[in-house]
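# Examining the three-dimensional arrangement
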Amino acid sequence: MLEITQKEVIDALDTASHLIRSNLKDFTYHCQNHSSVNNVYPRCENNQWTCGFWPGEVFLAYVYTQDEVFLKTSHILVDSFLHRIENKVEVDHHDMGFLYSPSCVSVYGATGSLKAKTAAILASDQLLTRFQEKGNFLQAWGKMGEVENYRFIIDCLMNLPLLYWATEETGDETYRTIARKHTATCLSYSFRSDGSTFHTFFMDPNTGNPVRGETCQGYAADSSWARGQAWGVYGLALSYRYTKDPACIMQFEKAANYYLSRLPEDLIPYWDLIFVEGEEPRDSSSASIVACGFLEMAPFLDGEKSAYYTAWAKKMMKSLYDSYRVKDHALSNGLVLHGTYSKKSPFNTCTPEGVDECVSWGDYFFMEALMRLNGTWKSFW
Ligand code: GLY
(Lines give C-alpha, C1' and ligand atoms only; values in the text may rest on other atoms or scores of the structure.)
Protein backbone atom coordinates (compact mmCIF):
# COMPACT_ATOMS: atom_id res chain seq x y z
CA MET A 1 0.00 0.00 0.00
CA LEU A 2 1.32 3.44 -0.94
CA GLU A 3 1.20 6.41 1.45
CA ILE A 4 -1.32 9.18 0.89
CA THR A 5 0.34 12.20 -0.80
CA GLN A 6 -0.03 15.85 0.22
CA LYS A 7 -1.97 16.47 -3.01
CA GLU A 8 -4.41 13.70 -2.07
CA VAL A 9 -4.75 15.09 1.46
CA ILE A 10 -5.75 18.48 0.03
CA ASP A 11 -8.09 16.86 -2.45
CA ALA A 12 -9.76 14.86 0.33
CA LEU A 13 -10.10 17.96 2.53
CA ASP A 14 -11.56 19.96 -0.35
CA THR A 15 -14.12 17.23 -1.04
CA ALA A 16 -14.95 16.76 2.65
CA SER A 17 -15.44 20.51 3.19
CA HIS A 18 -17.70 20.63 0.15
CA LEU A 19 -19.78 17.70 1.47
CA ILE A 20 -20.01 19.25 4.93
CA ARG A 21 -21.16 22.55 3.43
CA SER A 22 -23.88 20.70 1.47
CA ASN A 23 -25.10 19.15 4.72
CA LEU A 24 -25.42 22.40 6.71
CA LYS A 25 -29.02 22.87 5.60
CA ASP A 26 -30.01 19.60 7.28
CA PHE A 27 -27.77 19.61 10.35
CA THR A 28 -27.58 23.14 11.74
CA TYR A 29 -30.67 23.04 13.94
CA HIS A 30 -30.69 19.24 14.13
CA CYS A 31 -28.02 16.69 14.92
CA GLN A 32 -26.74 13.91 12.72
CA ASN A 33 -27.80 10.37 13.63
CA HIS A 34 -25.01 8.07 14.90
CA SER A 35 -25.02 6.13 11.63
CA SER A 36 -26.47 6.34 8.17
CA VAL A 37 -29.36 4.31 6.76
CA ASN A 38 -28.48 3.09 3.27
CA ASN A 39 -25.58 5.55 3.42
CA VAL A 40 -27.77 8.57 4.24
CA TYR A 41 -27.73 10.06 7.73
CA PRO A 42 -31.15 10.94 9.12
CA ARG A 43 -31.50 13.87 11.50
CA CYS A 44 -31.83 13.34 15.23
CA GLU A 45 -32.30 15.43 18.35
CA ASN A 46 -29.24 16.30 20.45
CA ASN A 47 -29.65 13.22 22.63
CA GLN A 48 -27.16 10.60 21.38
CA TRP A 49 -23.62 9.97 22.63
CA THR A 50 -22.38 10.64 19.11
CA CYS A 51 -23.83 14.12 18.57
CA GLY A 52 -20.46 15.87 19.09
CA PHE A 53 -18.83 14.48 15.97
CA TRP A 54 -20.77 16.41 13.34
CA PRO A 55 -20.03 19.73 15.13
CA GLY A 56 -16.38 18.64 15.17
CA GLU A 57 -16.47 18.23 11.40
CA VAL A 58 -18.10 21.63 10.96
CA PHE A 59 -15.44 23.23 13.15
CA LEU A 60 -12.59 21.54 11.22
CA ALA A 61 -14.18 22.69 7.96
CA TYR A 62 -14.03 26.22 9.39
CA VAL A 63 -10.35 25.85 10.35
CA TYR A 64 -9.56 24.45 6.91
CA THR A 65 -11.55 26.90 4.76
CA GLN A 66 -11.76 29.92 7.10
CA ASP A 67 -15.30 30.33 5.76
CA GLU A 68 -17.43 32.09 8.40
CA VAL A 69 -20.51 30.05 7.44
CA PHE A 70 -19.00 27.09 9.29
CA LEU A 71 -18.14 29.13 12.38
CA LYS A 72 -21.65 30.57 12.48
CA THR A 73 -23.00 27.01 12.47
CA SER A 74 -20.52 25.99 15.19
CA HIS A 75 -21.92 28.71 17.46
CA ILE A 76 -25.49 27.57 16.81
CA LEU A 77 -24.46 24.02 17.71
CA VAL A 78 -22.75 25.27 20.89
CA ASP A 79 -26.12 26.73 21.97
CA SER A 80 -27.65 23.29 21.54
CA PHE A 81 -24.88 21.63 23.59
CA LEU A 82 -25.19 24.20 26.38
CA HIS A 83 -28.93 23.55 26.47
CA ARG A 84 -28.31 19.79 26.58
CA ILE A 85 -25.96 19.87 29.56
CA GLU A 86 -27.91 22.54 31.47
CA ASN A 87 -31.06 20.47 31.09
CA LYS A 88 -29.27 17.12 31.58
CA VAL A 89 -30.63 15.63 28.37
CA GLU A 90 -29.25 12.06 28.12
CA VAL A 91 -26.02 12.78 29.97
CA ASP A 92 -26.12 10.02 32.59
CA HIS A 93 -23.20 8.15 31.03
CA HIS A 94 -19.47 8.69 30.58
CA ASP A 95 -19.38 10.03 27.02
CA MET A 96 -19.00 13.69 27.96
CA GLY A 97 -15.63 13.96 26.19
CA PHE A 98 -16.93 12.52 22.93
CA LEU A 99 -19.78 15.03 23.15
CA TYR A 100 -18.10 18.19 24.40
CA SER A 101 -14.47 18.13 23.18
CA PRO A 102 -15.22 18.39 19.44
CA SER A 103 -18.34 20.57 19.82
CA CYS A 104 -17.36 23.05 22.55
CA VAL A 105 -13.69 22.82 23.67
CA SER A 106 -12.89 23.33 19.97
CA VAL A 107 -14.96 26.50 19.62
CA TYR A 108 -13.82 27.87 22.97
CA GLY A 109 -10.16 27.42 21.99
CA ALA A 110 -10.64 29.30 18.74
CA THR A 111 -13.02 32.05 19.79
CA GLY A 112 -13.05 32.27 23.59
CA SER A 113 -16.84 31.68 23.53
CA LEU A 114 -18.05 31.72 27.12
CA LYS A 115 -21.06 29.60 26.23
CA ALA A 116 -18.76 26.92 24.84
CA LYS A 117 -16.53 27.07 27.91
CA THR A 118 -19.49 26.90 30.32
CA ALA A 119 -20.95 23.92 28.48
CA ALA A 120 -17.65 22.04 28.53
CA ILE A 121 -17.03 22.72 32.24
CA LEU A 122 -20.56 21.56 33.11
CA ALA A 123 -19.92 18.42 31.04
CA SER A 124 -16.66 17.82 32.93
CA ASP A 125 -18.56 18.11 36.22
CA GLN A 126 -21.11 15.67 34.90
CA LEU A 127 -18.35 13.21 34.01
CA LEU A 128 -16.98 13.39 37.56
CA THR A 129 -20.33 12.09 38.82
CA ARG A 130 -19.57 8.77 37.08
CA PHE A 131 -16.52 8.08 39.25
CA GLN A 132 -16.55 5.00 41.45
CA GLU A 133 -14.17 5.15 44.43
CA LYS A 134 -14.36 1.39 44.84
CA GLY A 135 -12.25 0.28 41.90
CA ASN A 136 -11.17 3.79 40.80
CA PHE A 137 -12.94 4.06 37.46
CA LEU A 138 -15.55 6.05 35.59
CA GLN A 139 -18.65 3.91 35.23
CA ALA A 140 -19.64 3.82 31.57
CA TRP A 141 -23.34 3.22 31.47
CA GLY A 142 -26.44 2.65 33.54
CA LYS A 143 -27.45 3.41 37.08
CA MET A 144 -24.50 4.15 39.31
CA GLY A 145 -23.45 1.28 41.55
CA GLU A 146 -25.63 -1.49 40.07
CA VAL A 147 -23.72 -4.78 39.92
CA GLU A 148 -24.75 -5.33 36.29
CA ASN A 149 -23.42 -1.89 35.37
CA TYR A 150 -20.33 -1.79 37.58
CA ARG A 151 -17.85 -1.61 34.73
CA PHE A 152 -15.71 0.67 32.61
CA ILE A 153 -15.05 0.39 28.90
CA ILE A 154 -11.94 1.01 26.85
CA ASP A 155 -13.63 3.81 24.88
CA CYS A 156 -13.51 5.98 28.01
CA LEU A 157 -9.85 6.87 27.46
CA MET A 158 -11.19 9.30 24.85
CA ASN A 159 -13.38 11.05 27.43
CA LEU A 160 -10.45 11.88 29.71
CA PRO A 161 -8.94 14.81 27.76
CA LEU A 162 -12.04 16.82 28.73
CA LEU A 163 -11.05 16.36 32.38
CA TYR A 164 -7.43 17.42 31.77
CA TRP A 165 -8.72 20.46 29.91
CA ALA A 166 -11.04 21.32 32.83
CA THR A 167 -8.12 21.29 35.27
CA GLU A 168 -6.09 23.51 32.96
CA GLU A 169 -9.01 25.95 32.67
CA THR A 170 -10.12 26.04 36.30
CA GLY A 171 -6.97 25.18 38.27
CA ASP A 172 -9.04 22.54 40.11
CA GLU A 173 -6.93 19.36 40.33
CA THR A 174 -9.96 17.12 40.94
CA TYR A 175 -10.58 16.55 37.23
CA ARG A 176 -6.97 15.54 36.51
CA THR A 177 -6.81 13.30 39.58
CA ILE A 178 -9.90 11.37 38.49
CA ALA A 179 -8.59 11.07 34.93
CA ARG A 180 -5.30 9.65 36.18
CA LYS A 181 -7.02 7.17 38.50
CA HIS A 182 -9.23 5.92 35.68
CA THR A 183 -6.22 5.62 33.35
CA ALA A 184 -4.33 3.53 35.90
CA THR A 185 -7.29 1.17 36.28
CA CYS A 186 -7.73 0.89 32.52
CA LEU A 187 -4.01 0.17 32.04
CA SER A 188 -4.23 -2.58 34.65
CA TYR A 189 -7.21 -4.45 33.27
CA SER A 190 -8.34 -3.47 29.74
CA PHE A 191 -5.23 -4.71 27.92
CA ARG A 192 -4.29 -8.37 27.62
CA SER A 193 -0.66 -9.50 27.61
CA ASP A 194 -0.56 -9.71 23.79
CA GLY A 195 -1.76 -6.10 23.41
CA SER A 196 -5.36 -7.02 22.50
CA THR A 197 -8.19 -5.47 24.52
CA PHE A 198 -11.34 -6.22 26.43
CA HIS A 199 -14.17 -3.93 25.40
CA THR A 200 -15.69 -3.76 28.89
CA PHE A 201 -14.37 -4.72 32.31
CA PHE A 202 -16.41 -5.45 35.44
CA MET A 203 -15.29 -4.58 38.96
CA ASP A 204 -16.66 -5.75 42.29
CA PRO A 205 -18.83 -3.01 43.84
CA ASN A 206 -18.10 -4.21 47.37
CA THR A 207 -14.35 -4.63 47.20
CA GLY A 208 -13.34 -2.67 44.09
CA ASN A 209 -11.44 -5.73 42.88
CA PRO A 210 -11.31 -6.74 39.21
CA VAL A 211 -13.93 -9.31 38.19
CA ARG A 212 -13.88 -10.09 34.45
CA GLY A 213 -13.63 -8.72 30.93
CA GLU A 214 -16.67 -8.96 28.66
CA THR A 215 -17.72 -7.57 25.33
CA CYS A 216 -20.72 -5.55 24.34
CA GLN A 217 -20.01 -4.62 20.71
CA GLY A 218 -17.16 -7.01 19.89
CA TYR A 219 -17.56 -10.58 18.66
CA ALA A 220 -16.78 -12.34 21.95
CA ALA A 221 -15.38 -11.65 25.41
CA ASP A 222 -11.94 -12.92 24.41
CA SER A 223 -11.76 -11.29 20.96
CA SER A 224 -10.76 -7.69 20.21
CA TRP A 225 -13.47 -5.38 18.92
CA ALA A 226 -11.74 -3.34 16.21
CA ARG A 227 -13.02 0.02 17.40
CA GLY A 228 -12.28 -0.76 21.03
CA GLN A 229 -8.70 -1.48 20.00
CA ALA A 230 -8.69 1.82 18.09
CA TRP A 231 -10.04 3.78 21.08
CA GLY A 232 -7.30 2.12 23.14
CA VAL A 233 -4.55 3.13 20.71
CA TYR A 234 -5.64 6.75 20.37
CA GLY A 235 -6.65 7.00 24.04
CA LEU A 236 -3.19 5.86 25.15
CA ALA A 237 -1.52 8.43 22.91
CA LEU A 238 -3.66 11.17 24.45
CA SER A 239 -3.08 9.82 27.95
CA TYR A 240 0.65 9.95 27.32
CA ARG A 241 0.41 13.57 26.18
CA TYR A 242 -1.25 14.52 29.47
CA THR A 243 0.53 12.23 31.93
CA LYS A 244 3.94 11.47 30.36
CA ASP A 245 3.60 8.07 32.04
CA PRO A 246 5.99 5.65 30.22
CA ALA A 247 3.44 2.85 30.79
CA CYS A 248 1.20 4.61 28.24
CA ILE A 249 3.90 4.42 25.55
CA MET A 250 4.67 0.80 26.33
CA GLN A 251 1.02 -0.20 26.17
CA PHE A 252 0.45 1.96 23.09
CA GLU A 253 3.11 0.02 21.16
CA LYS A 254 1.68 -3.34 22.20
CA ALA A 255 -1.88 -2.35 21.31
CA ALA A 256 -0.80 -0.72 18.04
CA ASN A 257 1.25 -3.71 16.99
CA TYR A 258 -1.54 -6.13 17.83
CA TYR A 259 -3.91 -4.03 15.70
CA LEU A 260 -1.46 -3.97 12.78
CA SER A 261 -0.99 -7.74 12.98
CA ARG A 262 -4.73 -8.29 12.40
CA LEU A 263 -5.32 -6.18 9.29
CA PRO A 264 -6.40 -7.48 5.90
CA GLU A 265 -4.48 -6.49 2.78
CA ASP A 266 -6.13 -3.08 2.32
CA LEU A 267 -5.39 -2.14 5.97
CA ILE A 268 -9.03 -1.48 6.89
CA PRO A 269 -10.04 -3.85 9.71
CA TYR A 270 -13.04 -6.09 9.91
CA TRP A 271 -15.41 -5.01 12.69
CA ASP A 272 -13.68 -7.39 15.09
CA LEU A 273 -10.01 -8.28 14.86
CA ILE A 274 -10.85 -11.98 15.22
CA PHE A 275 -11.61 -11.80 11.48
CA VAL A 276 -8.75 -11.32 9.02
CA GLU A 277 -10.47 -12.43 5.81
CA GLY A 278 -13.91 -13.27 4.46
CA GLU A 279 -17.24 -11.53 4.08
CA GLU A 280 -17.68 -9.89 7.48
CA PRO A 281 -18.26 -6.12 7.36
CA ARG A 282 -15.38 -3.72 7.88
CA ASP A 283 -15.18 -0.88 10.33
CA SER A 284 -13.51 1.93 8.38
CA SER A 285 -13.87 4.26 11.38
CA SER A 286 -11.31 2.20 13.32
CA ALA A 287 -8.72 2.95 10.65
CA SER A 288 -9.20 6.72 10.92
CA ILE A 289 -9.11 6.58 14.73
CA VAL A 290 -5.89 4.55 14.71
CA ALA A 291 -4.34 6.89 12.13
CA CYS A 292 -5.07 9.83 14.48
CA GLY A 293 -3.59 7.88 17.40
CA PHE A 294 -0.41 7.08 15.47
CA LEU A 295 0.00 10.70 14.39
CA GLU A 296 -0.66 11.91 17.95
CA MET A 297 1.99 9.61 19.42
CA ALA A 298 4.60 10.04 16.66
CA PRO A 299 6.24 13.22 18.07
CA PHE A 300 6.80 11.47 21.42
CA LEU A 301 8.60 8.47 19.89
CA ASP A 302 12.22 8.12 18.80
CA GLY A 303 12.98 8.86 15.13
CA GLU A 304 12.65 5.35 13.77
CA LYS A 305 9.44 4.47 15.61
CA SER A 306 7.96 7.85 14.87
CA ALA A 307 8.56 7.33 11.14
CA TYR A 308 7.21 3.78 11.39
CA TYR A 309 3.82 4.75 12.87
CA THR A 310 3.53 7.85 10.68
CA ALA A 311 4.05 5.70 7.58
CA TRP A 312 1.33 3.29 8.73
CA ALA A 313 -1.06 6.19 9.32
CA LYS A 314 -0.41 7.49 5.81
CA LYS A 315 -0.96 4.04 4.29
CA MET A 316 -4.27 3.58 6.10
CA MET A 317 -5.36 7.02 4.95
CA LYS A 318 -4.39 6.15 1.39
CA SER A 319 -6.67 3.12 1.51
CA LEU A 320 -9.53 5.20 2.92
CA TYR A 321 -8.86 7.88 0.30
CA ASP A 322 -8.83 5.43 -2.62
CA SER A 323 -11.59 3.01 -1.69
CA TYR A 324 -13.78 4.12 1.23
CA ARG A 325 -14.38 7.87 1.17
CA VAL A 326 -17.46 9.44 -0.40
CA LYS A 327 -16.59 11.32 -3.58
CA ASP A 328 -20.09 12.16 -4.76
CA HIS A 329 -22.83 13.71 -2.60
CA ALA A 330 -25.46 11.89 -4.67
CA LEU A 331 -24.27 8.59 -3.14
CA SER A 332 -24.26 9.61 0.51
CA ASN A 333 -24.39 12.58 2.88
CA GLY A 334 -21.48 11.09 4.84
CA LEU A 335 -17.74 11.27 4.29
CA VAL A 336 -16.62 7.63 4.65
CA LEU A 337 -18.46 4.41 3.77
CA HIS A 338 -18.22 0.93 5.34
CA GLY A 339 -18.20 1.72 9.03
CA THR A 340 -19.84 -0.55 11.57
CA TYR A 341 -21.50 0.72 14.73
CA SER A 342 -22.78 -2.46 16.41
CA LYS A 343 -22.99 -5.92 14.86
CA LYS A 344 -24.74 -8.71 16.68
CA SER A 345 -22.84 -11.94 17.30
CA PRO A 346 -23.93 -15.06 19.23
CA PHE A 347 -21.65 -13.90 22.06
CA ASN A 348 -22.22 -10.17 22.46
CA THR A 349 -24.94 -8.03 24.02
CA CYS A 350 -25.31 -5.11 21.62
CA THR A 351 -28.35 -3.92 19.72
CA PRO A 352 -27.50 -4.27 16.03
CA GLU A 353 -27.35 -0.95 14.20
CA GLY A 354 -25.33 0.84 11.58
CA VAL A 355 -23.68 -2.19 9.97
CA ASP A 356 -21.73 -1.34 6.80
CA GLU A 357 -22.81 2.29 6.94
CA CYS A 358 -21.28 5.72 7.43
CA VAL A 359 -20.78 6.41 11.15
CA SER A 360 -20.50 9.95 12.40
CA TRP A 361 -17.22 9.43 14.34
CA GLY A 362 -15.78 7.70 11.25
CA ASP A 363 -16.39 10.87 9.26
CA TYR A 364 -15.05 13.07 12.05
CA PHE A 365 -11.77 11.16 12.64
CA PHE A 366 -11.17 10.87 8.88
CA MET A 367 -11.30 14.68 8.75
CA GLU A 368 -9.11 15.00 11.87
CA ALA A 369 -6.46 12.68 10.39
CA LEU A 370 -6.45 14.73 7.17
CA MET A 371 -6.01 17.96 9.16
CA ARG A 372 -3.10 16.36 11.01
CA LEU A 373 -1.49 15.36 7.71
CA ASN A 374 -2.13 18.84 6.32
CA GLY A 375 -0.27 20.39 9.27
CA THR A 376 -3.27 22.49 10.37
CA TRP A 377 -4.36 20.43 13.36
CA LYS A 378 -4.60 22.15 16.72
CA SER A 379 -5.84 19.66 19.29
CA PHE A 380 -9.00 20.10 21.32
CA TRP A 381 -8.72 16.63 22.87
N1 GLY B 1 -18.19 4.33 22.10
C2 GLY B 1 -19.09 3.45 21.47
C3 GLY B 1 -18.67 3.06 20.12
O4 GLY B 1 -17.55 3.30 19.71
O5 GLY B 1 -19.51 2.50 19.43
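Refer to the structure above for everything that follows.
Quick look at the structure, then. (Residues numbered from 1 in each chain as written. Predicted model: local features only at pLDDT ≥ 70, side-chain atom pairs only at ≥ 80, totals over all residues. Heavy atoms only, no water.)

Moving on: the overall build of the protein chain. Within the protein chain one finds 12 helices and 9 strands. Its C-alpha atoms give the protein chain a radius of gyration of 19 Å, within 12% of the compact-globule value 21 Å for 381 residues. By sequence separation, contacts in the protein chain at least 24 residues apart represent 68% of the contacts at least 6 residues apart. Averaged over its 34 positive side-chain charges, the protein chain has a centre that lies 2 Å from the centre of its 46 negative ones. (Helix = DSSP H or I, 4+ residues; strand = E, 2+ residues; numbered from the N terminus. Rg over C-alpha atoms; globule rule 2.2 N^0.38 Å. Contact = heavy atoms within 4.5 Å. Lys, Arg positive; Asp, Glu negative; His and termini not counted. Charge placed at Lys NZ, Arg CZ, Asp CG, Glu CD.)

Take the pattern of salt bridges next. What the rule picks out here adds up to 17 salt bridges. Among the salt bridges present, the one from D26 reaches K25, with a minimum N-O distance of 3.7 Å. Since its relative accessible area comes to 26%, D26 is described here as partly exposed. For R176, the salt bridge is made with E173, and the minimal N-O distance between the two is 2.9 Å. Residue classification places R176 among the partly exposed residues on the basis of a relative accessible area of 25%. (Salt bridge = Lys/Arg side-chain N within 4 Å of Asp/Glu carboxyl O. Buried < 20%, exposed > 50% of the residue type's maximum accessible area, 1.4 Å probe, protein only.)

What follows covers the side chain of R84. Here R84 is to be found in helix α3 (residues 68-86). Buried within the structure, R84 lacks any salt-bridge partner; its nearest side chain of opposite charge belongs to E90, at an N-O separation of 6.1 Å. When sequence neighbours within four positions are dropped, the list of residues in contact with R84 reads N46, N47, Q48, W49, C51, V89, E90, V91, H93, L99 and Y100.

Okay, the sheet that holds strand β5 (residues 151-153) next. Taken together, the 3 strands give an open sheet; going across it, the order is β5-β6-β7, and neighbouring strands pair in antiparallel fashion. If you trace the sheet from one side to the other, it starts and ends with β5 and β7 (210-214), each paired once. Going from strand to strand, the sheet's axes swing by 20 degrees on average, the running direction of each strand aside. Of the strand pairs in this sheet, strand β6 (residues 200-203) and β7 are connected by 4 bridges, and their pairing is antiparallel. The residue of β7 that forms the bridge with T200 is E214. Lying over the sheet, helix α7 (residues 174-189) contacts β5, β6 and β7, oriented at roughly 85 degrees with respect to β5. (Pairing = 2+ DSSP bridges. Axes fitted to C-alpha atoms, helices over the stretch in contact; angles between N-to-C directions.)

What follows concerns the side chain of S196. In this fold, S196 is placed in the loop between α7 and β6. Looking at S196, its side chain comes within polar contact range of the side chain of D194, at 2.7 Å. (Polar contact = N/O pair within 3.5 Å; in protein donor to acceptor, adjacent residues only side chain to side chain.)

With that settled, the discussion passes to the site of the ligand. The immediate surroundings of the ligand are formed by W49, D155, Q217, W225, R227, W231 and Y341. W231 has a polar side-chain atom sitting 2.9 Å from an oxygen atom of the ligand. By residue class, the composition of the shell around the ligand is 4 nonpolar, 1 polar and 2 charged. (Near = heavy atom within 4 Å. Nonpolar A, V, L, I, M, F, W, Y, C, P; charged D, E, K, R; others polar.)

On to helix α11 (residues 303-323), then. In this model α11 runs 30 Å from its N-terminal to its C-terminal C-alpha over 21 residues, within 8% of the 30 Å that 1.5 Å per residue would give. Buried within α11 we find S306, Y309, T310, A311, A313, M316, M317, K318, S319, L320 and Y321. Looking at the packing, one finds that the buried side of α11 touches α1 (6-23), α9 (246-261), α10 (284-297) and α12 (360-374). (Expected span 1.5 Å × (residues − 1).)

The next subject is the packing of aromatic side chains. This structure, assessed with the given rule, holds 39 aromatic pairs. Between F59 and Y62, the aromatic rings sit 6.4 Å apart at their centres with planes inclined by 50 degrees, giving tilted as the arrangement. Taken together, the residues F59 and Y62, both in helix α2 (residues 53-65) and 3 residues apart, mark about one turn of the helix. Looking at R212, its charged tip hangs above the ring of F202, at a distance of 4.4 Å from the centre. In this structure, K315 is placed above the aromatic ring of W312, and the distance from its NZ or CZ to the ring centre is 5.5 Å. (Phe/Tyr/Trp six-rings, centres within 6.5 Å; stacked < 30°, edge-to-face > 60°. Lys NZ or Arg CZ within 6 Å of the ring centre and 35° of its normal.)

The biggest cluster of nonpolar side chains holds 126 residues, and the ones touching the most others in it are Y100, F252, F294, F365 and W381. Counting residues per element, this core draws most heavily on helix α8 (residues 226-243), which supplies 10 residues. Residues contacting F252, with those up to four places away along its chain left out, are V233, L236, A237, G293, F294, M297, L301 and Y309. (Core = buried A, V, L, I, M, F, W, Y, C linked by side-chain atoms within 4.5 Å.)

Following both chains from N to C, one finds α1 and α2 inclined at 125 degrees, their axes separated by 10 Å at the closest point. Relative to α2, the element α1 is oriented oblique. In this structure, α1 crosses over α2, and the sense of that crossing is left-handed. Taking contact as the criterion, the partners of I10, L13, D14, S17, I20 and N23 in α1 are, on α2, W54, E57, V58, A61, Y64 and T65. (Parallel < 35°, antiparallel > 145°, perpendicular 65-115°, else oblique. Left-handed = near helix turned anticlockwise from the far one by under 90°.)

Its identity as a non-glycine residue notwithstanding, N39 has a phi of 70 degrees, on the positive side. Owing to a relative accessible area of 23%, N39 belongs among the partly exposed residues under this scheme. With phi around 70 degrees, L267 is a residue other than glycine that occupies positive phi space. Tracing the sequence through the fold places L267 in the loop between α9 and α10. Note on L267: relative accessible area 8%, which makes it buried.

Turning our attention to helix α4 (residues 96-111). The end-to-end C-alpha distance of α4 is 21 Å, a good match for the 22 Å that 16 residues give at a rise of 1.5 Å each. Of all the bends in α4, the largest measures some 35 degrees and sits at P102. With 13 of 16 residues buried, α4 is to be regarded as a mostly interior element. At the C-terminal side of α4, G112 shows a positive phi close to 75 degrees. (Bend = angle between axes of the 7 residues up to and from the residue.)

Honestly, that's just the spatial picture; any functional story needs more than this.
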